[in-house]
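# A closer look at the structure
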Amino acid sequence: QVQLVESGGGLVQAGGSLRLTCAASGGTFSNFDMGWFRQAPGKEREFVATIKRSDRYTYYTDSVKGRFTISRDNAKNTVYLQMNSLKPEDTAVYYCAARWITGWDLEVRAAQYGYWGQGTQVTVSS
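The paragraphs below set out a description of the structure included in this document.

Rules of the game
Residues numbered from 1 in each chain as written. Predicted model: local features only at pLDDT ≥ 70, side-chain atom pairs only at ≥ 80, totals over all residues. Heavy atoms only, no water. Salt bridge = Lys/Arg side-chain N within 4 Å of Asp/Glu carboxyl O. Helix = DSSP H or I, 4+ residues; strand = E, 2+ residues; numbered from the N terminus. Buried < 20%, exposed > 50% of the residue type's maximum accessible area, 1.4 Å probe, protein only. Core = buried A, V, L, I, M, F, W, Y, C linked by side-chain atoms within 4.5 Å. Contact = heavy atoms within 4.5 Å. Pairing = 2+ DSSP bridges. Axes fitted to C-alpha atoms, helices over the stretch in contact; angles between N-to-C directions. Disulfide = S-S within 2.5 Å.

What follows concerns the pattern of salt bridges. In total, this model carries 7 salt bridges according to the counting rule given. Note that Asp 33 and Lys 52 form a salt bridge whose closest N and O atoms lie 2.8 Å from each other. Highlighted residues: Asp 33 in strand E4 (residues 32-39) and Lys 52 in the loop between strand E5 (46-51) and strand E6 (58-60), separated in sequence by 19 residues. The exposure class assigned to Asp 33 is buried, which follows from its relative accessible area of 1%. Looking at Lys 52, the relative accessible area reads 7%, which means it is buried. Ionic pairing is found between Glu 107 and Arg 109, a salt bridge with its closest N-O pair at 2.7 Å. By relative accessible area, Glu 107 is classed as buried at 5%. A single network of salt bridges, built from pairs that share partners, joins Arg 38, Glu 46, Arg 67 and Asp 90.

Set out below in structure tokens:
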């Protein structure tokens with residue numbers, strides 16, 4: 001069973017930065033595409049970013065492009081989300097997710113990810 005544990009969330013002022021970390025265990029990390037999703041109060045879970053085995057292949061939702069960077073360290077079974085220039089609308093619980101690699105595509109649909117962490121809270125104050 002693949003297990004994912006997020007860390008690095010917290011309270012930050014608008015314009016500040018945070019780095020989220022997702023530690024994976026229980027599977028072969030390099031066989032999984034990894035993603036970050038977020039869910040704000042009263043909102044549906046939203047795609048944020050994804051990365052394939054080779055870290056040259058990434059994709060971001062439009063609202064975070066240029067501000068967030070997803071990366072992975074396959075030797076450490078870890079994926080990161082560097083968040084800069086944070087805005088109050090970035091406030092949400094952030095979830096790490098994993099899916100078995102099935103092709104070349106970059107997946108944005110939450111239902112296609114089979115493994116999820118418990119989430120870490122990110123709060124951005126005005």
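Attention now moves to the nonpolar core. In this structure, Met 34, Trp 36, Val 79, Leu 81, Met 83 and Tyr 94 are the most contacted members of the largest nonpolar core, which totals 28 residues. Where this core is concerned, the elements lending two or more residues are strand E3 (18-25), E4, E5, strand E7 (68-73), strand E8 (78-83), strand E9 (92-100) and strand E11 (120-125). Not counting residues up to four positions away in its chain, the partners in contact with Val 79 are Leu 20, Thr 21, Cys 22, Phe 29, Met 34, Trp 36, Ile 51, Ile 70, Ser 71, Arg 72 and Cys 96.

What follows covers the sheet that holds E8. Think of a sheet as strands paired side by side through backbone hydrogen bonds, with each pair either parallel or antiparallel. Strand order in the open sheet made by the 4 strands is E1-E3-E8-E7, with antiparallel pairing throughout. Strands at the two margins of the open sheet, each flanked by one partner only, are strand E1 (3-7) and E7. Averaged over all neighbouring strand pairs, the angle between strand axes comes to 15 degrees, with direction disregarded. In the sheet, E7 pairs with E8 via 6 bridges, with the strands oriented antiparallel. For Thr 69, the partnering residue across the bridge sits in E8 and is Gln 82.

This structure, assessed with the given rule, holds 1 disulfide. Put simply, Cys 22 and Cys 96 are joined by a disulfide, and their sulfur atoms are 2.0 Å apart. Looking along the S-S bond of the Cys 22-Cys 96 disulfide, the torsion reads about -80 degrees, which is the left-handed sense. With Cys 22 in strand E3 and Cys 96 in strand E9, this residue pair connects regions lying 74 residues apart in the sequence. Considered together, Cys 22 and Cys 96 belong to a single accessibility category, that of buried residues.

None of the figures reported here should be taken as evidence of function without further support.
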